[in-house]
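Residues per chain are reported as follows:
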Amino acid sequence: MPQPQMVTGLPSRMDCALLLVTLMVALTGTVTPQTSSEPCPKRLVGEERRRTCPRPCKADLDCGSKRQCLCDGQCGLSCVAPGRTCPWPLAPREDAVARLLHPTHSFSALLEVRCKPGLTLPSGLDVVIRRCQGDRRWSGDEPICTAVLPEPGSSPPKCPLPKEVTSTFTIEGTATVGTSIRYSCQSGADIVGSAENYCQENQTWQYPHPVCKKVYCKSPGEVPQGYVVAVQKTEYEVGFDIHYLCKKNFHLDGPQKVTCLANGSWSAAPPFCRARCLIPAVRSRVMIDGVKRWPFDITDTMVPHGENVTFFCKHLHKHCSFSVAQSCFDGELRPPACYLEPTWLQFQLFPHRLVSEIETCDAADVETF
Ligand SMILES: *[C@@H]1O[C@H](CO)[C@@H](O)[C@H](O)[C@H]1NC(C)=O
Ligand SMILES: *[C@@H]1O[C@H](CO)[C@@H](O)[C@H](O)[C@H]1NC(C)=O
């Protein structure tokens, strides 16, 4: 049967005498524990943090049959029953997690108490090791983990956000320790990497910052009969402008400028350079821009793309003319089906009888035609 008063009670007179002897021997430096290679701390009277220490000893002989002379932490060499255990498992706690570092929870087993994330011990550390003592208690005071509060007046600790990151991304979040942020590319481009990051306790990011996928516009291609006013490249950066010009006598049909947009497309399709049209009439006057003119009086006998040319046709039954407009589209200008080119003789001998020169039909005549 164990003798509780020997372990937890006050030392008897005999114990005190033994303790004194041990102390005196210890001070002369002649006692070393036989069972351990590590020196056992000396028991210092009045300095032990434990309320009680088992009976001190020098060797197993001092301890009787049920106990051994073993090193019991701050109590020094003491008579302990090695099979005695400390409380295990411990009640679950809000602030810390306890873990046995030995297979058993008997004398001299070690117990690790680790504070939960964000909490620390009064020492500033977040972990403490406790030892199972001869008095069946875990060594030291019951550890209490508390939240690390920022110093009043100081801002909470943050993770760094370099300028190149804040100029590339719109950041959602405060970047304070223990929180997450979200990235989105200011250019609207796709993100390569993690779009979310966590600011860790040590003020570093859990992941590397992502990057924005570089957006390019493909070359919009060449414009026939036109010039591209830009350095020829296979791809262009966002915001890049390409200007277009047409060769002489070609008409720009479409935008004069296109811009590379953030989504990789151009602001518009490239323009066309449209050709002029040869007026398909020689010995007839035509109406251009409200003026009736001989084609040979017009420079190059050509009209620009988009111009309307009005031809004169003869009424099938009456001696009058009516007009039909045709428009020039990219070099194509066809006379209307009703138009007949006068012969050279007609032109030379009877110029006043040319269809373009006779009177115009009444509106009523044209409608019934
Ligand atoms: C790119 O953006 C423009 C304007 O924001 C839009 O009109 C166009 O449809 C978009 N193109 C694509 C391929 O998403
Ligand atoms: C030619 O005629 C069409 C249709 O009547 C008109 O829309 C266009 O503006 C005209 N073109 C010119 C250059 O006057």
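The following paragraphs examine the structure supplied in this document. (Residues numbered from 1 in each chain as written. Chains lettered and ligands numbered in written order. Predicted model: local features only at pLDDT ≥ 70, side-chain atom pairs only at ≥ 80, totals over all residues. Heavy atoms only, no water.)

## Quick word on the site of ligand 1
Link 1 in the chain: Neighbouring residues of ligand 1: Leu 261, Asn 263 and Ser 265.
Link 2 in the chain: A distance of 2.3 Å separates an oxygen atom of ligand 1 from a polar side-chain atom of Asn 263.
Link 3 in the chain: One of the side-chain N or O atoms of Ser 265 is found 3.2 Å from a nitrogen atom in ligand 1. (Near = heavy atom within 4 Å. Polar contact = N/O pair within 3.5 Å; in protein donor to acceptor, adjacent residues only side chain to side chain.)

## Focus: the pattern of salt bridges
Link 1 in the chain: The tally for this structure, following the rule as stated, stands at 14 salt bridges.
Link 2 in the chain: Its salt-bridge partner being Arg 131, residue Asp 72 comes within 3.0 Å of it at the nearest N-O pair. Remark: Arg 131 occurs in strand S6 (residues 127-131) and Asp 72 occurs in the loop between strand S1 (68-71) and strand S2 (77-80); sequence separation between them is 59 residues. There is no split in this pair, since Asp 72 and Arg 131 are both buried.
Link 3 in the chain: Of the charged contacts, one joins Arg 274 and Asp 330 as a salt bridge, the two residues approaching to 3.6 Å between their closest N and O atoms. Placement of Arg 274 in strand S19 (residues 272-274) and of Asp 330 in the loop between strand S25 (321-327) and helix H4 (344-349) is noted, with a sequence separation of 56 residues between them.
Link 4 in the chain: Via salt bridges that share partners, Arg 93, Asp 95, Arg 130 and Glu 142 belong to a single interconnected network. (Salt bridge = Lys/Arg side-chain N within 4 Å of Asp/Glu carboxyl O. Helix = DSSP H or I, 4+ residues; strand = E, 2+ residues; numbered from the N terminus. Buried < 20%, exposed > 50% of the residue type's maximum accessible area, 1.4 Å probe, protein only.)

## Some points on the sheet that holds strand S14 (residues 226-229)
Link 1 in the chain: The sheet built from three strands is open, its strands ordered S14-S16-S18 with antiparallel pairing. Unpaired on one side and paired on the other, S14 and strand S18 (257-259) mark the two borders of the sheet. Sheet twist, expressed as the average angle between the axes of neighbouring strands with direction ignored, equals 25°.
Link 2 in the chain: In this sheet, strand S16 (residues 241-246) lies alongside S14 in antiparallel orientation, the contact comprising four bridges. Looking across to S16, one finds that Gly 226 is bridged to Cys 246. (Pairing = 2+ DSSP bridges. Axes fitted to C-alpha atoms, helices over the stretch in contact; angles between N-to-C directions.)

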